Amino acid sequence: MEFFSGLDVGMDETAICVVDDKGKVALEITVVTDPETIKAALKPYLGRLRRLGHEAGSLSPWLHPELLKLGLPAVCLETQHVRAALKAQRNKTDKADALGIAHLMRTGWFRQAHIKSEACYRLRLLLTHRRNLKRKCLDLENAIRHSLKAFGVRISGTGRGGFAQAVREAVAGDALVAELIDAMLNARGALWKEYCRLHDLVVKLVAGHELCRRFMQIPGVGPVAALSFMTAIDDPSRFKRSRDVAAYFGLTSRRWQSGSSIDIQGRISKAGDGDVRRALYEAASALLTRFKRRDKVKTWGLAIAKRTSHRKATVAVARKLAVIMHAMWVDGTFYCGDPDAPKADVSARAAAKRRKLLGAYA
């Protein structure tokens, strides 16, 4: 007889359920969220335990490797797939979720999620906090602009560098408002200073990484897009085909088909990492609108924009960039957007870009 186990992991406690190969429940227990404690609870079944499933979550990068180190056959499951499978349950409790995951392990109807390396999670943490600081800074700017509208003050025509001075001059005649706005501007300045610190760290790391520098040879792809893509993929060998990467980042369209009368091709699925999808979209937009030289991908995208719309063309180019970047990673090749350009010119532009990137942080 074989056994299959499901874990519903919480911050403090974890619900454990073990079922046999016939679906009969052998164990239901709640323990502290600790790998050693979980192994102790499963000790009577370890010899015949075939799979131990847990849903991907905030604790997965720590818990999953620890379970594997203890010799447990742990499998990390995709959250959306598990959620859809457990919707059939009448009541949602930790105990019921653990039972549902155990049955998923028994039937084999699950999708395995990839657990990235610790070094990769560190780089993603840098990107996440950089993004958070930028968003908070923009929130403060928007709050300041909105609050001043009540007094008929509209801040326009100023960049980020001159924003604080323009606001202070606009409210100089009102002591109370000036004091309030000064506090907001000081907080904004502190956030922006720390954001620039993290952004410089991103550029410095990209400058010293050969793969990211190769990605940046693609017009429109900057340090953030290159590092975001690399850390989101982590291991390129887990994709059999480069075109699967586009679907992984939610850049392929949904489809709803039933019978012979219903076949709807919808918008992109927006599954996967939203930050990478946005970075690829921005890179594609820059390639289509800002890059002035000849480029095969740009020509292809402009032809799509002529037939449909600029927005659809940008999504298509973002999808193409994801495929190209993965292929470059796997094959160790370099990007050449203009096949007719002399190799010396392509090499010179790549070297100039590398010197520019490395020069600021030498």
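Each remark here, short or long, concerns the structure printed above.
Everything in this summary refers to the structure shown in the same document. Values in this document were obtained by computation on a predicted structure and should not be read as measured data.

Quick look at the sheet that holds strand β2 (residues 13–20)
1) Next: Pairing within the open sheet is mixed, and its 5 strands lie in the order β3-β2-β1-β4-β5. Looking at strand neighbours, the two that pair on one side only are β3 (25–32) and β5 (74–77), the edges of this open sheet. Across the sheet, the mean angle from the axis of one strand to that of its neighbour is 20°, orientation sign disregarded.
2) Next: Alignment of strand β1 (residues 3–9) against strand β4 (residues 49–55), held across 5 bridges, turns out to be parallel. Residue Phe3 lies in a different strand from β4, and its bridge partner there is Leu49.
3) Next: Of the strands in this sheet, β1, β4 and β5 touch helix α2 (residues 60–69), which is tilted by about 155° from β5.

A closer look at the packing of aromatic side chains
A ring pair, where both rings are aromatic, is described by two values, the distance of the centres and the angle of the planes.
1) Next: Counting across every chain of the model gives 7 aromatic pairs.
2) Next: Taking 6.2 Å as the distance between ring centres and 75° as the angle between the ring planes, the aromatic pair formed by Phe215 and Trp329 counts as edge-to-face. Of the two residues, Phe215 sits in helix α8 (residues 210–215) while Trp329 sits in helix α13 (residues 310–331), which places them 114 residues apart along the sequence.
3) Next: Phe215 gets classed as buried once you look at its relative accessible area, which sits at 0%.
4) Next: Centroid distance Phe229 to Phe249: 5.8 Å. Interplanar angle 55°. Geometry classified as tilted. Linking Phe229 in helix α9 (residues 223–233) with Phe249 in the loop between α10 (244–248) and β6 (253–258), this pair joins segments that are 20 residues apart in sequence.
5) Next: Take Phe229: its relative accessible area is 0%, and that puts it in the buried class.
6) Next: Clustering of aromatic rings is evident, with ring pairs tying together Phe215, Phe229, Phe239, Tyr248, Phe249 and Trp329.

Quick notes on the environment of Thr93
1) Next: Position of Thr93 relative to the elements: it lies in the loop between α3 (79–86) and α4 (94–107).
2) Next: A sequence separation of 67 residues divides Thr93 from Ala26, and the C-alpha atoms of the two residues are 18 Å apart.
3) Next: Only 3.1 Å separates the side chain of Thr93 from the backbone nitrogen of Ala96, close enough to count as a polar contact.

As for unusual backbone geometry
Working note: non-glycine residues mostly have negative phi, and peptide bonds are mostly trans.
1) Next: For Asp234, which is not glycine, the phi dihedral falls at a positive 65°.
2) Next: Mapping Asp234 onto the fold places it in the loop between α9 and α10.
3) Next: In this structure, Lys270 is a non-glycine residue whose phi angle is positive, near 55°.
4) Next: Inspection of the secondary structure puts Lys270 in the loop between β7 (262–268) and α11 (274–289).
5) Next: Residue classification places Lys270 among the exposed residues on the basis of a relative accessible area of 56%.

Things to note about helix α12 (residues 296–307)
1) Next: The end-to-end C-alpha distance of α12 is 17 Å, a good match for the 16 Å that 12 residues give at a rise of 1.5 Å each.
2) Next: When we look at burial in α12, the residues that qualify are Val297, Lys298, Gly301 and Ile304. Down the axis of α12, the sector holding all buried residues measures 125°, keeping them to one side. In α12, those exposed residues whose orientation departs by more than 90 degrees from the buried face are Lys296, Thr299, Lys306 and Arg307.
3) Next: Considering only its buried residues, α12 is in contact with α11 and α13.
4) Next: If you check the start of α12, you find a side-chain oxygen 2.9 Å away from the backbone N of Val297, and it comes from Asp295.

Some details on the side chain of Thr231
1) Next: With respect to the element layout, Thr231 can be found in helix α9.
2) Next: At a separation of 2.9 Å, a polar atom in the side chain of Thr231 contacts the main-chain carbonyl oxygen of Leu227.
3) Next: Within the local environment of Thr231, its side chain forms a polar contact with the backbone oxygen of Ser228, the two atoms lying 3.2 Å apart.
4) Next: Excluding anything up to four places from it in sequence, Thr231 contacts Lys116, Cys120, Leu123, Arg124 and Leu127.

Reading the values: rules and limits
- Residues numbered from 1 in each chain as written.
- Predicted model: local features only at pLDDT ≥ 70, side-chain atom pairs only at ≥ 80, totals over all residues.
- Heavy atoms only, no water.
- Pairing = 2+ DSSP bridges.
- Helix = DSSP H or I, 4+ residues; strand = E, 2+ residues; numbered from the N terminus.
- Axes fitted to C-alpha atoms, helices over the stretch in contact; angles between N-to-C directions.
- Contact = heavy atoms within 4.5 Å.
- Phe/Tyr/Trp six-rings, centres within 6.5 Å; stacked < 30°, edge-to-face > 60°.
- Buried < 20%, exposed > 50% of the residue type's maximum accessible area, 1.4 Å probe, protein only.
- Polar contact = N/O pair within 3.5 Å; in protein donor to acceptor, adjacent residues only side chain to side chain.
- Expected span 1.5 Å × (residues − 1).
- Arc of directions from axis to C-beta.

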